[in-house]
Protein chains: 2
Amino acid sequence: MQITKEILEKYARVIVKTGANVQPGQCVNLAANVNQYAFATLVAEECYRAGAKKVNVEWSCDPLSKVHYLYQDTEVMSETLPWEIAKMEQNVKDLPVRMLIMSGDPDALADIAVEKLTAVGRARRQVAKPYRDATDGKEQWVIVALPSPVWAKKVFPDCSEDEAMQKLWDAILMTVRVDEENDPVADWKEHTDLMGAKANWLNQQKFKALHYTSANGTDFTVTLNPEAKWGAAREVNPVNGAYYIPNMPTEEVFTSPLAGSCEGTLVATKPLSYQSQLIEDFSITFAEGRAVSWQARKGEELIGQMVAMDENAAKLGEVALVPKESPVNRTGILFYNTLFDENACCHLALGAGFKELLPNGNDLSPEEALAHGVNDSIIHVDFMVGSEDLSIDGVKADGTLVPVFRNGTWA
Amino acid sequence: MQITKEILEKYARVIVKTGANVQPGQCVNLAANVNQYAFATLVAEECYRAGAKKVNVEWSCDPLSKVHYLYQDTEVMSETLPWEIAKMEQNVKDLPVRMLIMSGDPDALADIAVEKLTAVGRARRQVAKPYRDATDGKEQWVIVALPSPVWAKKVFPDCSEDEAMQKLWDAILMTVRVDEENDPVADWKEHTDLMGAKANWLNQQKFKALHYTSANGTDFTVTLNPEAKWGAAREVNPVNGAYYIPNMPTEEVFTSPLAGSCEGTLVATKPLSYQSQLIEDFSITFAEGRAVSWQARKGEELIGQMVAMDENAAKLGEVALVPKESPVNRTGILFYNTLFDENACCHLALGAGFKELLPNGNDLSPEEALAHGVNDSIIHVDFMVGSEDLSIDGVKADGTLVPVFRNGTWA
């Protein structure tokens with residue numbers, strides 16, 4: 001597809017109108033990479049057209065981030081300054097719509113010591129957590145992606161830069177349902193209605209647990225949370241009643257399982273990009289609800305650091321079902337980007353769960369939600385387990401089994 | 001000249017080592033346009049190599065600024081939020097080195113109503129002023145420029161974009177004394193020593209006033225401030241004794257005249273880019289030290305708004321002498337950018353003066369400096385009067401005249 005101004009405007013519009021669903025008078029915080037300033041400006045303009053009061057753009061710059069990590073002391077980088085806290089306080093007051101345009105280099109920080117990344121990330125997230133908790137579930141938010149030359153070359157190493165950019169554009173626009181002919185807003189309505197129906201079916205089944213098996217070695221049971229609903233695609237901001245779609249693309253039906261109640265081994269089917277580094281060919285074994293051992297061909301030590309981030313980082317916060325017919329999976333591409341790769345197949349996440357899936361969950365503190373079985377942690381890391389032959393059975397309260405997935409898709 | 005990585009690194013190095021003269025342990029605030037993120041990253045790395053503790057990059061984006069002005073309410077734009085004030089407080093504490101890489105579109109905001117630009121600028125500057133006053137004279141700072149396609153095409157409208165960029169690069173590198181062969185740090189030492197000698201001569205003369213005449217209609221007398229010294233090129237940060245060069249290029253020997261004491265008419269010899277709009281073919285007449293009337297072929301109303309910004313905006317804060325042999329003038333280019341255009345020829349500035357030219361001036365508040373005759377205002381706007389035939393006489397206390405400039409250059 002030729003990437004015309006019209007296509008870019010169409011993409012910007014569906015992000016703002018369907019994804020974030022910006023309402024008149026709202027503030028918007030838009031995070032974007034400096035190399036995408038032209039598209040970020042288009043998105044900002046669409047926000048204003050939708051009636052935004054103020055669009056605050058937070059720029060990131062991969063090569064600069066690398067320079068900071070290379071030269072700045074860990075202690076200096078870890079410190080959150082008073083003005084940064086004042087900015088978070090402003091967000092608690094304004095409850096801005098949050099938008100993230102991802103377009104970075106997946107390997108930007110590959111040369112940086114894991115210990116430094118972990119120390120800085122943990123220190124800053126601990127300070128930020130109460131402010132994030134205070135806005136969590138009260139804001140619309142959306143994450144989308146744009147190709148960048150370095151990302152495109154990572155995904156298509158054998159193509160020229162121009163070819164790689166074109167292929168990545170084509171793949172992204174296909175998965176976010178934007179083309180020359182269609183009305184993306186209408187297509188997204190149909191798609192999210194269908195996904196909502198799947199979530200409703202799962203909610204009616206009231207499964208006690210899910211049991212995963214695959215010839216790759218996966219044999220795993222996770223207890224579901226009787227209080228937590230299944231969700232899909234569309235969410236609602238309880239503050240103003242606006243529907244929004246946090247991820248574009250989105251193909252997952254998901255819930256938060258009962259924190260600390262799962263057993264067995266999950267074998268990952270795709271690499272995991274964590275703190276800009278890759279973990280490859282790995283499996284994680286759980287006992288009494290916690291990750292207790294893991295193996296990886298590459299990045300094994302990263303898993304250890306990840307699950308030690310805090311008390312509950314070794315417990316699960318998310319279970320998500322994605323059929324192998326997902327458009328993301330049909331591209332056949334490993335995007336090295338969770339936004340896409342998690343929408344290619346079934347996955348789970350270590351760390352924080354989704355308290356908004358509990359009744360009145362948005363009014364609960366993270367500690368209160370944890371008392372209702374929804375995990376709380378400073379991390380949330382998705383990893384993929386959707387093998388071609390994946391079977392998932394729903395376990396009813398009386399022990400009867402209901403096929404949910406067979407051969408990697410809805411049974 | 002071919003713009004190689006080596007040339008860019010050489011330019012970045014002379015900016016950091018000679019311009020800002022970053023010292024070990026200092027914080028740096030670097031302002032740059034998003035379209036120059038690669039060069040900004042080079043400069044940040046040079047700062048860290050010089051021992052900077054932390055480099056905070058503040059990104060600007062011209063097309064986004066325009067969108068903000070087009071859609072955001074004046075009231076919303078004018079408000080300085082608590083976190084922005086906290087950031088200014090942090091600057092008062094850290095006294096960071098300030099660096100600005102200009103690379104914008106001179107016409108970025110040309111479509112925006114002057115009233116809106118003025119109202120927003122005034123409101124934000126009024127809040128920022130006490131914080132700026134608290135750091136003024138206690139920080140090293142440097143302003144430099146990089147070509148951007150839109151600026152290059154503005155300067156060279158008849159060239160292709162590539163040709164225009166090359167010509168603007170050549171002009172900038174010539175004026176900042178960077179080429180393949182030279183040692184820019186040594187060349188800058190020689191240049192600033194020479195300029196220092198001119199300033200010393202003027203300080204020894206103790207002129208009471210300067211009298212300007214030109215065939216273009218300029219006939220103007222300004223009373224000098226007996227307490228204020230003449231300065232040139234190099235300044236010293238009294239906090240740490242570090243020498244720095246606020247402007248690169250720099251060709252001016254300057255002082256702050258006695259605020260509110262000048263008479264006659266100055267005819268501008270170059271257009272003035274003010275709030276991203278052009279004022280062309282203008283003259284300003286002063287009586288009893290204040291601008292009282294003005295004429296312009298274009299942008300006349302902007303002059304009126306400028307001198308009405310606050311009580312002292314109609315008074316002069318700067319008198320600067322630049323010979324017509326200046327490298328900036330020799331390029332023959334109108335840069336549409338004061339950093340260059342003010343270093344092409346003699347100029348004066350409406351608005352704030354330089355309190356650091358007073359004895360112990362850095363310890364004075366702006367009000368105290370005003371009591372010593374150095375103007376105080378929220379604006380500082382340079383305009384050029386350096387005609388080819390410009391004569392300037394120094395008037396001694398006994399009324400004798402000493403030629404300072406003849407035919408646009410040192411007598």
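The shown structure was predicted, so the numbers you read here are calculated from the model rather than taken from an experiment.

Parameters at a glance
Residues numbered from 1 in each chain as written. Chains lettered and ligands numbered in written order. Predicted model: local features only at pLDDT ≥ 70, side-chain atom pairs only at ≥ 80, totals over all residues. Heavy atoms only, no water. Helix = DSSP H or I, 4+ residues; strand = E, 2+ residues; numbered from the N terminus. Rg over C-alpha atoms; globule rule 2.2 N^0.38 Å. Buried < 20%, exposed > 50% of the residue type's maximum accessible area, 1.4 Å probe, protein only. Least-squares fit on C-alpha atoms with pLDDT ≥ 70 in both. Contact = heavy atoms within 4.5 Å. Core = buried A, V, L, I, M, F, W, Y, C linked by side-chain atoms within 4.5 Å. Buried area = accessible area lost by both parts, 1.4 Å probe. Salt bridge = Lys/Arg side-chain N within 4 Å of Asp/Glu carboxyl O. Polar contact = N/O pair within 3.5 Å; in protein donor to acceptor, adjacent residues only side chain to side chain. Nonpolar A, V, L, I, M, F, W, Y, C, P; charged D, E, K, R; others polar. Pairing = 2+ DSSP bridges. Phe/Tyr/Trp six-rings, centres within 6.5 Å; stacked < 30°, edge-to-face > 60°. Lys NZ or Arg CZ within 6 Å of the ring centre and 35° of its normal. Axes fitted to C-alpha atoms, helices over the stretch in contact; angles between N-to-C directions. Parallel < 35°, antiparallel > 145°, perpendicular 65-115°, else oblique. Expected span 1.5 Å × (residues − 1). Left-handed = near helix turned anticlockwise from the far one by under 90°.

Novice: Looking at this structure, how should I read the overall build of chain A?
Specialist: Along the backbone of chain A there are 13 helices and 20 strands. Since a compact globule built from 411 residues should have a radius of gyration of about 22 Å, the 21 Å found for chain A is in line with a globular shape. Across its three principal axes, chain A shows a C-alpha extent of roughly 55 × 50 × 50 Å. Evaluated residue by residue, chain A yields a buried proportion of 57% over its 411 residues.

Novice: Looking at this structure, how should I read the relation of the copies chain A and chain B?
Specialist: Turning one copy of the chain about an axis and sliding it along that axis gives the other copy, so a rotation and a shift relate them. For the pair chain A and chain B, the superposition axis carries a translation of 0.0 Å, the fit reaches an RMSD of 0.0 Å, and the rotation angle comes to 180°. Those values place the two copies in the arrangement expected of a two-fold rotation axis. Of the interface residues in chain A, 100% have counterparts in chain B that sit at the interface too, so the contact is made through matching surfaces.

Novice: It is not clear to me how the nonpolar core should be interpreted in this structure. Could you clarify?
Specialist: Nonpolar side chains tend to gather and get buried jointly when the protein is soluble and globular. A:Tyr11, A:Met99, B:Tyr11 and B:Met99 are the most contacted members of the largest nonpolar core, which totals 115 residues. Residue contributions to this core peak at 8 residues, all from helix α1 (residues 5–20) of chain A. A:Met99 has contacts with A:Ile15, A:Val16, A:Ala20, A:Val28, A:Asn29, A:Leu30, A:Ala31, A:Val43, A:Cys47 and A:Val142, leaving out every residue within four places of it along the chain.

Novice: For this particular structure, what's the right way to read the interface of chain A and chain B?
Specialist: It is common to give the size of an interface as the accessible area lost on bringing the parts into contact. Every contact between the two is made by 27 residues of chain A and, on the other side, 27 residues of chain B. Note on chain A versus chain B: buried area summed over both sides is about 3000 Å², and carbon and sulfur give 72% of it. Summed over the shared surface of chain A and chain B, the number is 0 salt bridges. At the junction of chain A and chain B, the tally comes to 7 residue pairs in polar contact (both at pLDDT 80 or more). When contributions to the side of chain A that touches chain B are tallied by element, the ones reaching two or more residues are α2 (37–49), β2 (54–60), α3 (62–71) and α5 (82–94) of chain A. The biggest single contributor to the side of chain A that touches chain B is α2(A), with 6 residues. Residue classes in the side of chain A that touches chain B are distributed as 17 nonpolar, 5 polar and 5 charged.

Novice: Just to check I follow, could you spell out the pairing of strand β18 (residues 391–395) of chain B for this structure?
Specialist: Two faces make up the sheet, and in a regular strand the side chains alternate between them. Residues and elements named next belong to chain B. Among the 5 residues in β18, 5 count as buried, and that is most of the element. A two-sided burial pattern is seen for β18, the buried positions comprising Ser391, Asp393 and Val395 on one face and Ile392 and Gly394 on the other. Pairing of β18 with strand β19 (residues 401–406), which is carried by 4 bridges, proceeds in the antiparallel orientation. By the bridge assignment, valine 395 is partnered in β19 with leucine 401. Taking the residues between adjacent antiparallel strands as the criterion, β18 and β19 are bridged by 5 residues, where glycine 399 takes a positive phi near 95°.

Novice: Can you help me understand the packing of aromatic side chains in this one?
Specialist: To describe a pair of aromatic rings, one takes the distance between the centres and the angle between the planes. Under the definition given, this model contains 21 aromatic pairs over all chains. Their ring planes at 70° and their centres at 5.9 Å tell us that B:Tyr212 and B:Phe220 sit as a pair that is edge-to-face. Among the aromatic residues, ring-to-ring pairing joins A:Trp151, A:Phe335 and A:Phe340 into one connected group. Positioned above the aromatic ring of A:Trp188, the side-chain terminus of A:Arg177 is 5.9 Å from the ring centre.

Novice: I'm lost on the environment of A:Pro184 in this one. Help?
Specialist: All names here are of chain A. Of note, proline 184 is situated in helix α9 (residues 184–205). Assessed through its relative accessible area of 6%, proline 184 is described here as buried. On a C-alpha basis, the gap between proline 184 and leucine 321 in space is 24 Å, while along the polypeptide they are 137 residues apart. When neighbours within four sequence positions are excluded, proline 184 is seen to be in contact with Lys10, Val14, Arg177 and Val178.

Novice: How do you make sense of unusual backbone geometry when you look at a structure like this?
Specialist: Leaving glycine aside, a negative phi is the common case for residues, and trans is the common case for peptide bonds. Of the consecutive residues A:Met248 and A:Pro249, the connecting peptide bond is found in the cis state with omega at 5°. Tracing the backbone shows A:Pro249 in the loop between β9 (242–244) and β10 (253–255). Unlike most non-glycine residues, B:Asn360 shows phi in positive territory, near 55°. Relative to the elements of secondary structure, B:Asn360 occurs in the loop between β16 (347–351) and α13 (366–371).

Novice: When you look at the packing of α5(A) against helix α5 (residues 82–94) of chain B in this model, what are you seeing that I'm missing?
Specialist: If you want to describe how two helices pack, look at the angle between their axes and the distance between the axes. The geometry of α5(A) relative to α5(B) is characterised by a closest axis approach of 8 Å and an angle of 180° between their N-to-C directions. Here α5(A) is positioned roughly antiparallel relative to α5(B), judged by the angle of their axes. Here A:Pro82, A:Trp83, A:Ala86, A:Lys87 and A:Gln90 of α5(A) lie close against α5(B), whose contacting residues are B:Pro82, B:Trp83, B:Ala86, B:Lys87 and B:Gln90. When the residues that make up the contact of α5(A) with α5(B) are grouped by side-chain class, the tally is 6 nonpolar, 2 polar and 2 charged.

Novice: Looking at this structure, how should I read helix α2 (residues 37–49) of chain B?
Specialist: Since the α-helix packs 3.6 residues into each turn, any two residues three or four apart lie on the same face. Relative to the 18 Å expected for 13 residues at 1.5 Å per residue, α2(B) spans 18 Å between its end C-alpha atoms, a close match to the ideal helical length. Where burial is concerned, most of α2(B) is hidden: 10 out of the 13 residues are buried. Of the surrounding secondary structure, the elements contacted by the buried residues of α2(B) are α3 of chain A together with α1 (5–20), β1 (27–33), β2 (54–60) and β3 (97–102) of chain B. Looking one or two residues past α2(B), B:Gly51 carries a phi angle of roughly 105°, positive in sign.

Novice: Can you help me understand the environment of B:Leu173 in this one?
Specialist: Inspection of the secondary structure assignment puts B:Leu173 in helix α8 (residues 161–175). Residues within four places of B:Leu173 in sequence aside, it is in contact with B:Met1, B:Ile3, B:Ile7, B:Tyr11 and B:Val178.

Novice: Help me understand the sheet that holds strand β1 (residues 27–33) of chain A in this model?
Specialist: Strand pairs in the sheet, formed through backbone hydrogen bonds, run parallel or antiparallel to each other. Residues and elements named next belong to chain A. Pairing in this open sheet of 4 strands is parallel, and the strands run β2-β1-β3-β4 from one edge to the other. With one partner strand each, in any of the chains shown, β2 and β4 (141–145) form the two edges of the open sheet. When strand polarity is set aside, the average angle formed by the axes of neighbouring strands in this sheet is 15°. As paired strands, β1 and strand β3 (residues 97–102) are joined by 5 bridges and run parallel to one another. Across the sheet, the residue bridging to leucine 30 is methionine 99, located in β3.

Novice: Mind showing me how you'd approach the sheet that holds strand β15 (residues 316–321) of chain B here?
Specialist: Residues and elements named next belong to chain B. The antiparallel open sheet is built from 5 strands, whose spatial order is β7-β10-β15-β16-β17. Because the sheet does not close on itself, it has two edges, and the strands there are β7 (231–232) and β17 (380–384). The pairing of β15 with β16 spans 4 bridges and is classified as antiparallel. Bridged to valine 319 within β16 is leucine 348.

Novice: Which parts of the structure should I look at to understand the packing of α1(A) against α2(A)?
Specialist: Residues and elements named next belong to chain A. Across the interface, α1 lies against α2 with an axial gap of 9 Å and an inter-helix angle of 50°. On the basis of their axis angle, the class for α1 and α2 is oblique. Both α1 and α2 take part in a crossing whose hand is right-handed. Residues Leu8, Glu9, Tyr11, Ala12, Arg13, Ile15 and Val16 of α1 form the contact with α2, whose participating residues are Phe39, Leu42, Val43, Glu46 and Cys47. Residue composition of the contact of α1 with α2, by class: 9 nonpolar, no polar and 3 charged.

The values are spatial; any link to function lies outside them.
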